[in-house]
Amino acid sequence: MRLTISITETMDRFLEMRVFVQVVEARSFIGAVEPLEMSKAAVSRYVGELESRLGVRLLHRTTRKLSLTEEGELFYLRCKDILSGVEAAESEVTLRTGEAIGLLRVSAPVSFGILHLGDVWAQFKARHPKVTFDVTLTDRVVDIVEDGFDLAVRISRLQSSSLISRRLASTRMVACASPQYLTTHGRPEHPSEFAAHNVIAYSHWAMHDEWEFEGPEGQVKVRTNPCIRTNSGDICRAGALAHEGIILQPTFLVGSDLESGALIELCPQYRAMELGIYAVYGSRKLVAPKVRLLIDFLVERLEKKHWPS
């Protein structure tokens, strides 16, 4: 029985593991094609050869979906550990060079990611050509460690956690509506009057239907009665621009509309909350150069952004 494994065989095994993990996480062979930069036939071949070499079936295949066998589940977890260990080893080495190398997995909010980060990734890659990106836009708060992200951009009143963060910028929530809506329905002079108006509500808002402001008499809370709810800030903005109601949205999204007069801030003496825009990453002893350099780049880029304060 041969006990030695050649370098070529070792590399092939690592590639098989990487392909298998990507297929599992993409939940399809097709979904693994783009991140791996392989053809579907090559992806299928690597997984097939892996199963043949191990002598077990790792995936249940149907026309609609893939699922892990019991053996596949165990092997997937082991592969993740091994590949994470390799990445950690590479990160420790590249810490000495200060060079950004390898895959950067980033999560960012949808609207902010489209409006203010759309060109960031290509520009960063132009400076650091050995980096590749996997960018996920979602308004869901991802588990950075569990979901395997290197960095998440979050817009919030950041709560204390085991994660570490760096403030990139800030944005303010603004209650606003179009001039035409206000002409038709009247302009509220106090936040309490919002309860009687058409409101287009953002469903991820932590306060739900209750809006909170700081004014001359202190804190003011008003419970709104939304006529539309949506998980998209862009839909809220579009509704306001279509004269459908009042919205409470961040200045990074509606700032240009406020400046142009397409939307008008309501009750400006009553200020809604300010939110921080943060780069959040795992609390690790060693921060890979690719992560540190990306955070520095985000700070540099967002310092140049302007929206009404």
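Residues numbered from 1 in each chain as written. Predicted model: local features only at pLDDT ≥ 70, side-chain atom pairs only at ≥ 80, totals over all residues. Heavy atoms only, no water.

## With respect to helix α10 (residues 251-260)
Each turn of an α-helix holds 3.6 residues, which means side chains three or four residues apart point in the same direction. Short version of the rule: Relative accessibility decides the category of a residue: with a 1.4 Å probe and only protein chains considered, values under 20% of the type maximum give buried, values over 50% give exposed, and everything between is partly exposed. Think of it this way: any DSSP run of H or I at least four residues long counts as a helix, any run of E at least two long counts as a strand, and we number them from the N terminus. Contacts were defined at the residue level, with two residues in contact if any of their heavy atoms lie within 4.5 Å.
Counted residue by residue, α10 has seven buried out of ten residues, so it is predominantly covered. The set of residues buried in α10 consists of Thr251, Phe252, Leu253, Val254, Gly255, Asp257 and Leu258. Residues of α10 that are buried sit in contact with α5 (110-116), β5 (151-156), β6 (164-177), α9 (233-241), β11 (247-250) and β12 (264-265).

## Here's the deal with the packing of helix α2 (residues 29-36) against helix α3 (residues 40-54)
Selection criterion: Here, axes are lines fitted to C-alpha atoms. For helices the fit covers the stretch in contact, and angles between N-to-C directions go from 0 to 180 degrees. Should an angle fall under 35 degrees it is taken as roughly parallel, and over 145 as roughly antiparallel, whereas 65 to 115 is taken as roughly perpendicular and any remaining angle as oblique. Under the scheme applied, nonpolar residues are Ala, Val, Leu, Ile, Met, Phe, Trp, Tyr, Cys and Pro; charged residues are Asp, Glu, Lys and Arg; polar residues are all the others, including Gly.
Contact geometry for α2 and α3: axes closest at 9 Å, N-to-C directions at 105°. Considered as vectors, α2 and α3 are oriented roughly perpendicular to each other. On α3, the residues that touch Phe29, Ile30, Ala32, Val33 and Leu36 of α2 are Lys40, Val43, Ser44 and Val47. Grouping the amino acids of the contact of α2 with α3 by side-chain chemistry returns seven nonpolar, one polar and one charged.

## Focus on the packing of helix α6 (residues 120-127) against helix α11 (residues 289-302)
This is how the line gets drawn: Crossings are sorted by hand: turned counterclockwise from the far helix by less than a right angle, the near helix makes the crossing left-handed, and turned clockwise it makes it right-handed.
In contact at an axis separation of 11 Å, α6 and α11 are set at 125° when each is read in the N-to-C sense. When the axis of α6 is compared with that of α11, the two are oblique. Along this stretch, α6 crosses α11, giving a crossing that reads as right-handed. Here α6 contributes Val120, Trp121, Gln123, Phe124 and Arg127 to the contact with α11, which in turn contributes Lys290, Leu293, Leu294, Phe297, Leu298, Glu300 and Arg301. Looking at the contact of α6 with α11, its residues break down into seven nonpolar, one polar and four charged.

## Description of the environment of phenylalanine 149
As for its placement among the helices and strands, phenylalanine 149 is situated in the loop between α7 (144-147) and β5. Measuring from C-alpha to C-alpha, the distance between phenylalanine 149 and serine 107 comes to 7.0 Å, with 42 residues separating the pair along the chain.

## Observations regarding the nonpolar core
Cut-off, in case you're wondering: Think of a nonpolar core as a cluster: buried Ala, Val, Leu, Ile, Met, Phe, Trp, Tyr and Cys residues, connected wherever their side-chain atoms sit within 4.5 Å.
Membership of the largest hydrophobic core comes to 38 residues, with the highest contact counts inside it found for Phe112, Leu117, Phe124, Ile247, Ile277, Leu294 and Leu298. At the level of elements, β3 (102-108), α6, β5, β6, α9, α10, β13 (274-281) and α11 are the ones that each hand at least two residues to this core. The biggest single contributor to this core is α11, with eight residues. With sequence-adjacent residues up to four places away left out, leucine 294 is seen in contact with Leu104, Val106, Trp121, Phe124, Phe133 and Leu151.

## Quick word on the environment of valine 19
The residue valine 19 is located in helix α1 (residues 7-26) in this model. The sequence separation of valine 19 and leucine 36 amounts to 17 residues, and the corresponding C-alpha distance is 7.3 Å.

## Some points on the confidence of the model for the protein
Definition in use: Values of pLDDT, the confidence the predictor places in each residue, fall between 0 and 100.
This prediction gives the protein a mean pLDDT of 86; 89% of its residues lie at or above 70. Taking the mean pLDDT of every element in the protein, the minimum, 76, falls on helix α4 (residues 70-97) and the maximum, 97, on helix α8 (residues 179-185).

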